[in-house]
Amino acid sequence: MHALPFLFALAAAVVLAPALLRALEQAGHVRPNYRDRLLPVPFGVLTPAAAMLALIPLVLLQQLASAEVFHPEVLPIALYVLGVLTLGLIDDTLAGDRREESTGQIQRGWRGHGAAALRGELSTGVLKAAGSLGLALFAMSYLGLSNARWLLATGVLVLATNVFNLLDLRPGRSTKAFVLLGAGLAIGSADLRPLWALGLFAAPALLAGTYDLRERAMLGDTGANLLGALAGLWLVLTLSDTGQLIALGLLAAVTVLGELRSISALIERIPVLRELDSWGRPS
């Protein structure tokens with residue numbers, strides 16, 4: 001029964017996706033991608049739309065048939081995921097072209113966002129970071145963890161959310177990273193329970209990722225933040241304290257690397273990563 005949220009949300013996403021794609025295009029919500037193709041954005045909004053539609057039969061089934069449909073962690077999961085989605089949507093709506101007024105250069109990383117905040121400008125990057133931290137602290141407080149584990153889980157969530165946002169510079173890259181991470185966690189732990197706990201949001205996010213990969217739409221920060229939130233939650237729900245500490249260190253290292261170097265340039269220099277990164281994209 002615990003797989004039902006994944007299946008119902010996936011079915012809802014399949015039904016909604018074509019109409020949502022048309023609605024974004026007709027409303028003029030398009031943006032050039034890295035190849036200057038105008039694509040509908042943010043297609044990440046497919047996830048909350050499909051998840052909320054799927055809740056209708058799922059909650060009716062749970063209440064009227066007394067079925068155990070949802071995992072106990074679903075409420076903190078929903079709290080963090082929906083909050084991060086909102087922050088991503090704010091970024092997609094208000095960030096503009098992200099250029100600094102003084103230099104005309106595109107804002108990148110914490111230095112660009114920090115400089116904008118110090119000038120008194122609205123930095124959606126700073127808002128996302130602070131908002132994600134507040135959401136993570138709040139959501140993890142519902143898992144009954146000790147103070148040390150609560151802070152550790154919060155750090156993993158916030159850094160994972162940011163890392164997947166850094167990865168979302170090419171079609172399908174963040175979705176592939178999520179799939180690889182999830183496969184590694186599921187195989188290593190021999191446990192699909194975390195996937196089913198995340199299923200209400202993970203299923204439509206994966207479908208949206210296929211549209212992103214095929215360059216039919218762009219996830220936007222809405223979708224990239226979502227994948228990062230789901231990745232962080234999967235890590236927290238699967239790993240031991242030691243595993244989370246290792247994950248925290250790796251995520252911090254990627255964050256620093258993304259601040260100092262171009263992740264896309266690094267991927268292009270490594271043949272295996274370059275091949276994996278380009279797989280599935282239209283020529």
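Our subject is the structure listed above.
What comes next concerns the included structure. (Residues numbered from 1 in each chain as written. Predicted model: local features only at pLDDT ≥ 70, side-chain atom pairs only at ≥ 80, totals over all residues. Heavy atoms only, no water.)

Observations concerning the pattern of salt bridges
- This model, assessed by the stated rule, comprises nine salt bridges.
- Two residues, Asp-91 and Lys-128, come together in a salt bridge whose shortest N-O distance is 3.0 Å. A residue pair is termed long-range when its members are at least 10 positions apart, and Asp-91 in helix H3 (residues 74–94) and Lys-128 in helix H5 (residues 124–140) qualify at 37 residues.
- When its relative accessible area of 1% is taken as the criterion, Asp-91 is described as buried.
- Lys-128 gets classed as buried once you look at its relative accessible area, which sits at 9%.
- Salt bridges sharing partners connect three or more residues here, namely Arg-35, Arg-37 and Glu-215. (Salt bridge = Lys/Arg side-chain N within 4 Å of Asp/Glu carboxyl O. Helix = DSSP H or I, 4+ residues; strand = E, 2+ residues; numbered from the N terminus. Buried < 20%, exposed > 50% of the residue type's maximum accessible area, 1.4 Å probe, protein only.)

Here we look at the packing of aromatic side chains
- Within the structure shown, the criterion is met by four aromatic pairs.
- Here Phe-43 and Tyr-211 contribute two aromatic rings whose centre-to-centre distance is 4.9 Å and whose plane-to-plane angle is 40°, an arrangement assigned as tilted. Taken together, the residues Phe-43 in the loop between strand E2 (38–40) and helix H2 (46–64) and Tyr-211 in helix H8 (residues 193–213) connect sequence positions 168 residues apart.
- Taking relative accessible area as the criterion, Phe-43 reaches 0% and is therefore assigned buried.
- The exposure class assigned to Tyr-211 is buried, which follows from its relative accessible area of 11%. (Phe/Tyr/Trp six-rings, centres within 6.5 Å; stacked < 30°, edge-to-face > 60°.)

With respect to unusual backbone geometry
- Here Val-41 and Pro-42 are connected by a cis peptide whose omega angle stands at 0°.
- With respect to the helices, strands and loops of the structure, Pro-42 is situated in the loop between E2 and H2.
- Backbone geometry places Ala-190, a non-glycine residue, at a positive phi of 55°.
- By secondary structure assignment, the location of Ala-190 is in the loop between helix H7 (173–189) and H8.
- We classify Ala-190 as exposed; its relative accessible area is 72%.

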